[in-house]
Structures are given as structure tokens and as C-alpha cells.
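Chains, contacts and geometry: an overview
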Amino acid sequence: MLMAVKNNLKVACLSIKYNLMKQMVNKTSFIMNILFMMLNNAFFIIQWLVIFSIKSDINGITLNGVLKLWAMSASTYGFGMFFFYGAFDLNETITNGLLDTFLVQPKNVLLMVATSKIRVSAIGDMLYGLVIMIFIKSSLRELILFIIFSMMGGTIFAAFGVITGCLGFISPRSDGLSNSLISILVSVSTYPKEIFDKGVQFIISFIIPVASTVYLPCNLIFNFDIKVFLVLLISLIIHVSLAFFLFNKGLKRYSSTNLMTPRT
Amino acid sequence: MKKYFRIFEATLNDKLQYLGELLSKFFGFTLMVFIFVNLWKHIYEDPNEIINGYTFNMMLWYVLIGEAYYTVMKNRDLTRGIKEDIVFGNIAYKINKPYFYPFYCVAQYFGNIMLKVITSVFVATTLGLLLIGKLETFSLKTIPFAFIVIVFAFLINIFLRIAISVSSFYIEDPEPFLWVLDKFLLVFGTVFPIEMYSNTIQTIIKFTPIYTIVYGPTKLLVDFDFEIFKSVLVAQIIQLAVIVIICCFVYRKGEKKVNVNGG
């Protein structure tokens, strides 16, 4: 069992490595994608500077709080999108019959699909998060926690991508809905939860996992609490298990006309 | 002109097949409006307070119209299509056709957005009336004027995006430039009116497409002023002419770099 997990992870890492090498062939485009993504994220600081120039404190949230949230959000998003970009493309992969290529491989299908693609600009997101953390003068301990929680949050984010992508097994034109659910998570996670009322806070905690991907990790970095950490860990296990369960269940409904494509 | 109308018609017919998919794309828009309503409620302590010339009602309608407009206007599928045409070589097949490729893209763009425009008017009006209430400063008389600047704004927007996308002839991946353009339009003209910025920034913005693409049309719908209409329209005519020339120049120059190897 452990050997199988090790083998699967090894192949997944190799897939990521070769995808990265392929992307690095065009160096200008590679660097431009990363730098422009950092610039792209930085634009939102202007938005918050304007808001805080009108009112210095919004329900107890200050610019520093927003920066922490943005750092966590960008980094979580970046981690998920870089390592598991295939998870966010799952709906289209299913609809276009591209799963066939992965089904013939003697490895875990979901892990192979999820790690089959990378998004270079996501490196810019991860770096942006790190730069913001350094900018707000975080300690070394906070930086280490930031990296760990970015990985945990990013994995939950990718699992959510798989869960929404599984809609493709039910309806062939559900990619719009899948993408919308993912964009809801991304959009909400860059705004402090304090601006929402209790009903919305419930939805973003239990239905769309914004709390597990961004809010909880962000709190844990600066106010570590073992109970909250356990909640995050349980959320991670539930989301990943649910992603595998739904994917395997959906796979039984999957049919295609044997589309074979080479993976280069 | 007739051939471009046929391209527009064919694209529109294609989009009509997937109305459900179109509606699902407005999820994100609804959510953003909801977030901004919550955010501005915290900023305006008193609903009668006026911030930089905007009441709470005007500000929310500005953001709502701006967001609706922004959602419709950017057309990732089209710009990605142009990039792929160039990078994967389909352009060699398309330049053979009896149309001018940038104009073909413009016709496709209008076919793509036509249904989105109608849907967004319906969705935005319903959302606005439910979440904000009636726009106090709105007058039906302003619609013909706003319509003119909106058409110009769409034209400037698409020619600008085509000009950036056809730069794939030189840089392979122009998408990062489109992200930055999108963020400029979003942050400086959509989520806030330009009056929220300092006078110096406002002056700079007036010379950029932010003024003609996003701010102008939205402002005129929220709080019509004939002087602003004239100023936006003049700026639009000048910018459109400049951008069309740049777009055609970049395309013509890039077109010469195409090598057709048969097949």
C-alpha cells in the first residue's frame, strides 16, 4: 500500500517536473507570466488603499489584515493551480473524452489527471504571497507556518476543483457551473469575512470551503491554536476523501469513443 | 460589410444554443455585486452621506453597472482564440479567406457578446432593484446618449484586445498583458469611479482607455452630464482611430512573418 502511494507520488512529481521543463523552454514567456501575475495581484492593493483612505477601519479590519489575507489567498491559489492544475480542468477533460489517456496507465487516475498540467503564472501567485509576508515583517516561524498552511489550503482548493469538475460526469455542458463555483471561492477569499453577515459566513465555511482554504490558515499563522489546526486537518481529509470518492464514483459512468492522445 | 454581418450572425446562432451555460457565467457577477454591496454598506455609515460626489445609491449602481459591463466586455475565449490561431498556425488558413482577420475577430466579438449584453441588462437591473433599490439619478432620456458611447467603448475595447493578442506574432504569449489591461480597467474604472482618486491620477486616467471604455459609459448611465458625454465621445473617437491604426499595423507586420509549409 505504502509502496503504491510512493510510486504514484513519484510519477506525479515527475509529471510536474517535465511540465515545468517544457514551460521553461520559452524563457521570456515563462518569466513574463510570473512577473505579470505578481503585478496583476498587486493592483488589488490600490483598491484597498482607496477604501482605507475613505475609512481607516472596516469592521475591525485594517490594511495589514487585508494584506495577510491576500498573501494567504494568493499563495493557496498558486499552490493548487501550480501542482494540481489538471484538477481545475477536469470538467473539460471528462467532457472531451481525454480521460482515456489516463485510464490505460497503471497509476492512480485522479492523481495523474490532476498533476498532468501546471500553470506557470501560479508561481507568481505563490511568490506574491511570500513577498507580502516578508513586506509585513513576518517572523521566520510565521513564514514556515505560511508555507505549510499554503500547501494544506492549496490541496483543499484542488480537491474542491475535483469535486466541482466531477459535474462533468453528470452533464457535458457543466463547465460554466464548475468554473463559476471555483471563481466564487477565489473571489470571496480575497475579502475579509467580517464584511459578510452570519448566513454568508455559514455558506463560505461549510458549502464553499473558503474558510478552510484561506480564513483558518490565515488565523493559524498569527494565532496558532491546536484545536483550530485539527479542524483544518479534518477539513483537508474530508475534502480530499470526497474528491477521490466522487471521482471514482463518476468514473463508473464515464464512457467515450476511445480517444487516444499522446502526452508530450 | 455583409460578410462580417454573416460572421456576426453565425457566432450569435452558435451562442444561442447554450443559453444555460451563459446564465451560469453570471454567477460570478452576482457574487461580486453581493460582495460590493456588503463592502460599501460598511464604508457608508449613513446612507445619505456623499463621498466624492456619490451617494450610497449612486455608488452601488456605479459598481453594479461597471461590473456588468466589465463581465460582458472582456472576452477571454476570443483573445485566447487569436493567440492559438497564431501560435498553432491556423492563421495561415484564415488569412487566405476573403476577409481581413482583425475585422473578422470584431464581427465574432459582437456575435459573442450580443446575448451577454441582453442577459446582463436583465440580470443587473433585477439585482440592482432587489439589492439597492431604484437608481435615484436615472433618466430614460440618457439612454440614446449612453448607447452611443457604449458602442464606441466596445469597439475600442475589442480593437485594443486584438492589438495585444496579435502581438503573439512576436512574443508568443500576450496573455500577461491582457491580465494587466483587465486589472487597470477593473481597479481604476470599475470598482470605483475615477473621482475616488487624486486629481493628478484623474487627469492621467482621462487620457487612457479606462476613461473611454469603462468610466465614461458607466458614469453616463448613473449620473448623466452632457459635458461629460461630449468629453467622453471626443476622447473615444480619437482613441478608436489611434487603436485601429495600431492594431492594423501590428497585424500587417506580423502577417508577413507567417511561413506556410503546406500540409
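Topic: the overall build of chain B
Within chain B one finds 13 helices and 0 strands. Helices and strands appear in chain B in the N-to-C order α-α-α-α-α-α-α-α-α-α-α-α-α. Counting every position in chain B, which comprises 263 residues, the buried fraction comes to 56%. Considering only intrachain contacts with a sequence separation of at least 6, the fraction spanning at least 24 residues in chain B is 80%.

Quick word on the nonpolar core
Formed by 185 residues in total, the largest nonpolar core has its most connected members in Leu99 and Phe247 of chain A together with Trp40 of chain B. Considering every element that reaches this core, the biggest residue donor is helix α4 (residues 56–73) of chain B, with 14 residues.

Section: helix α3 (residues 63–83) of chain A
For α3 of chain A, spanning 21 residues, the distance from its first C-alpha to its last is 30 Å, which sits close to the expected 30 Å at 1.5 Å a residue. For α3 of chain A, the buried fraction is high: 16 of the 21 residues fall into the buried class.

Here's the deal with the pattern of salt bridges
If you walk through the whole model with that rule in mind, you get 13 salt bridges over all chains. Linking Lys117 of chain A and Asp89 of chain A is a salt bridge whose minimum nitrogen-to-oxygen distance equals 2.5 Å. Highlighted residues: Lys117 of chain A in the loop between α7 (109–114) and α8 (121–135) and Asp89 of chain A in the loop between α4 (85–88) and α5 (90–95), separated in sequence by 28 residues. Of the charged contacts, one joins Asp182 of chain B and Arg161 of chain B as a salt bridge, the two residues approaching to 2.8 Å between their closest N and O atoms.

Topic: the interface of chain B and chain A
Across the boundary between the two partners, chain B contributes 33 residues, which contact 34 residues of chain A. Buried surface at the junction of chain B and chain A, summed over both partners, amounts to about 3,200 Å²; 76% is from carbon and sulfur atoms. In terms of surface lost to chain A, no three residues of chain B exceed Leu39, His42 and Trp179 of chain B, which account for 19% of the buried area on that side. Viewed at the interface, chain A and chain B are joined by 0 salt bridges. Where chain B meets chain A, there are 4 residue pairs in polar contact (both at pLDDT 80 or more). At the level of elements, α2 (19–24), α3 (26–43) and α10 (175–190) of chain B are the ones that each hand at least two residues to the side of chain B that touches chain A. It is α3 of chain B that contributes the most residues to the side of chain B that touches chain A, 11 residues altogether. Looking at the side of chain B that touches chain A, its residues break down into 24 nonpolar, 3 polar and 6 charged.

Observations concerning the packing of helix α8 (residues 143–165) of chain B against α10 of chain B
All names here are of chain B. At a closest axis distance of 10 Å, the pairing of α8 and α10 adopts a crossing angle of 155°. The orientation of α8 with respect to α10, classified from their angle, is roughly antiparallel. Contacts from Leu160, Arg161, Ile164 and Ser165 of α8 reach α10 at Phe177, Leu178, Leu181, Asp182 and Leu185. The residue makeup of the contact of α8 with α10, split by class, is 6 nonpolar, 1 polar and 2 charged.

Describing the confidence of the model for chain B
Per-residue pLDDT for chain B has a mean of 87; in total, 97% of the residues score no lower than 70. The complex model carries a pTM of 0.85, and its ipTM stands at 0.80.

Let's talk about the environment of Asp125 of chain A
Residues and elements named next belong to chain A. Relative to the helices and strands, Asp125 is located in helix α8. Overall, Asp125 belongs to the buried group, its relative accessible area being 3%. Taking the C-alpha atoms as reference, Asp125 lies 33 Å from Met3; in sequence the two are 122 residues apart. Aside from chain neighbours lying at most four places away, what touches Asp125 is Met37, Asn41, Ala74, Ser75, Tyr77 and Gly78.

Side note on a nonpolar patch on the surface
Taken together, the side chains of Phe224, Ile226, Leu230, Leu233, Ile234, Ile237 and Ile238 of chain A present a nonpolar region at the surface, about 640 Å² in accessible area. Within the fold, Leu230 of chain A resides in helix α14 (residues 226–251).

What counts, and where the lines are drawn
Residues numbered from 1 in each chain as written. Chains lettered and ligands numbered in written order. Predicted model: local features only at pLDDT ≥ 70, side-chain atom pairs only at ≥ 80, totals over all residues. Heavy atoms only, no water. Helix = DSSP H or I, 4+ residues; strand = E, 2+ residues; numbered from the N terminus. Buried < 20%, exposed > 50% of the residue type's maximum accessible area, 1.4 Å probe, protein only. Contact = heavy atoms within 4.5 Å. Core = buried A, V, L, I, M, F, W, Y, C linked by side-chain atoms within 4.5 Å. Expected span 1.5 Å × (residues − 1). Salt bridge = Lys/Arg side-chain N within 4 Å of Asp/Glu carboxyl O. Buried area = accessible area lost by both parts, 1.4 Å probe. Polar contact = N/O pair within 3.5 Å; in protein donor to acceptor, adjacent residues only side chain to side chain. Nonpolar A, V, L, I, M, F, W, Y, C, P; charged D, E, K, R; others polar. Axes fitted to C-alpha atoms, helices over the stretch in contact; angles between N-to-C directions. Parallel < 35°, antiparallel > 145°, perpendicular 65-115°, else oblique. pLDDT = per-residue confidence, 0-100. Patch = residues over 30% accessible without salt bridge, like charges linked within 9 Å, V, L, I, M, F, W, Y side chains within 5 Å. Areas by Shrake-Rupley, 256 points an atom, 1.4 Å probe, with all protein chains shown as cover.

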